[in-house]
Amino acid sequence: MKKLLLTLIVVLISFETINAQEDHFQFQGIPIDGSVDGVRAALEQKGFQYKDSDGDIVTMEGEFTGKKCEIALLVTPKSKTVWRIAVSTPEYFSWHDIRYDFNNLKRIYIKKYGNPEKDYHFFSEPYDEGDGYEMTGLKNDKCHYATYFETESGSILIQMTRFAKILILYDDNKNTIIHTTEKEEKALDDI
């Protein structure tokens, strides 16, 4: 009877562990959950290399969708739990190239996650697509290309930045709440 009870407890704990991992958003099959050291080690096993650590951000480098990218692990201020993974491409020097890669990434994400929740593609004055000054508009923060996907466990934002890069943010819903709570607690401690 004790063996049966012990076996049942082990099975229930195993299911709970599996369910807990499935409840978290994943980046390259790695749950965005747990300590920064654990997520970093899992990414290193996939070929990413540690680059630097600065406060609540750990940066790594590695190949992502065929490009050498910078990966940032953002952690909560107190528990040091990973809540966001940010991927940044190298800088682009051509509007054609950055727009092509942005649209290609968007197409791939749509295949995996379905249609986006939000999708923006426009320029603010005085710039327009086709005017020949798209890269100037981008660097002046007048280009707004962003696509947002939402799932039950997290969200993804793909956007062009004023640094002429494509940024992809993976946010885990549960750990974003932890991050917000810990950030507010830290602010309350400060005042």
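Counting of residues starts from 1 at the beginning of each chain's written sequence and follows it residue by residue. Side-chain atom pairs in this predicted model are given and counted only at pLDDT of 80 or more, local residue features only at pLDDT of at least 70, and totals for whole chains, interfaces and linings cover all residues. Computation of side-chain values covers all heavy atoms of the structure but excludes hydrogens and water.

## So, the pattern of salt bridges
Alright, step 1. One speaks of a salt bridge when a side-chain nitrogen belonging to Lys or Arg is within 4 Å of a carboxyl oxygen belonging to Asp or Glu. For the coordinates displayed, the defined rule picks out 12 salt bridges.
Alright, step 2. The closest approach of N and O atoms between Glu70 and Lys51, which form a salt bridge, is 2.6 Å. One end of the pair, Glu70, is in strand E5 (residues 67–75); the other, Lys51, is in strand E3 (residues 49–54), with 19 residues separating them in the sequence.
Alright, step 3. Only protein chains enter the accessibility calculation, which uses a 1.4 Å probe; a residue is then buried when its area is under 20% of its type maximum, exposed when over 50%, and partly exposed in between. Using a relative accessible area of 42% as the deciding quantity, one classes Lys51 as partly exposed.
Alright, step 4. One salt-bridge network, in which partners are shared between bridges, spans Lys51, Glu61, Lys68 and Glu70. Labels follow the DSSP assignment, with helices taken as runs of H or I lasting at least four residues and strands as runs of E lasting at least two, numbered in each case from the N terminus.

## Details of the pairing of strand E4 (residues 57–64)
Alright, step 1. DSSP-based pairing: two strands are paired if at least 2 bridges between them are found. Both E3 and E4 contribute to a ladder of five bridges, which runs antiparallel. If you follow Ser53 over to E4, its bridge partner there is Val58.
Alright, step 2. One ladder, built from eight bridges, connects E4 with E5; its direction is antiparallel. Following the sheet pairing, Ile57 is matched in E5 by Leu74.

## Comments concerning the confidence of the model for the chain
Alright, step 1. Here the chain shows a mean pLDDT of 87. Residues at 70 or above account for 88%.
Alright, step 2. Within a predicted model, pLDDT stands for the predictor's per-residue confidence, ranging from 0 to 100. When checking whether two residues touch, look at their non-hydrogen atoms; a contact exists if any pair is within 4.5 Å. Under a pLDDT of 50 for its full length, residues 1–21 has, in the predicted model, two contacts with residues more than four places off or in other chains.

## What to know about the sheet that holds strand E8 (residues 143–150)
Alright, step 1. Strand order in the open sheet made by the eight strands is E3-E4-E5-E6-E10-E9-E8-E7, with antiparallel pairing throughout. Edge positions in the open sheet fall to E3 and strand E7 (118–123), since each of these has one partner strand only. Taking each pair of neighbouring strands and ignoring which way they run, the sheet shows an average axis angle of 15°.
Alright, step 2. Sheet strands touched by helix H2 (residues 36–45): E3, E4, E5 and strand E6 (82–88). Its angle to E5, the strand with the most contacts, is close to 165°.
Alright, step 3. Fitting a line to C-alpha atoms yields each axis, with helices limited to the stretch in contact; the angle taken between N-to-C directions then spans 0 to 180 degrees. The strands touched by helix H5 (residues 173–190) are E5, E6, strand E9 (154–160) and strand E10 (166–172); relative to E10, the strand with the most contacts, the crossing angle is about 85°.

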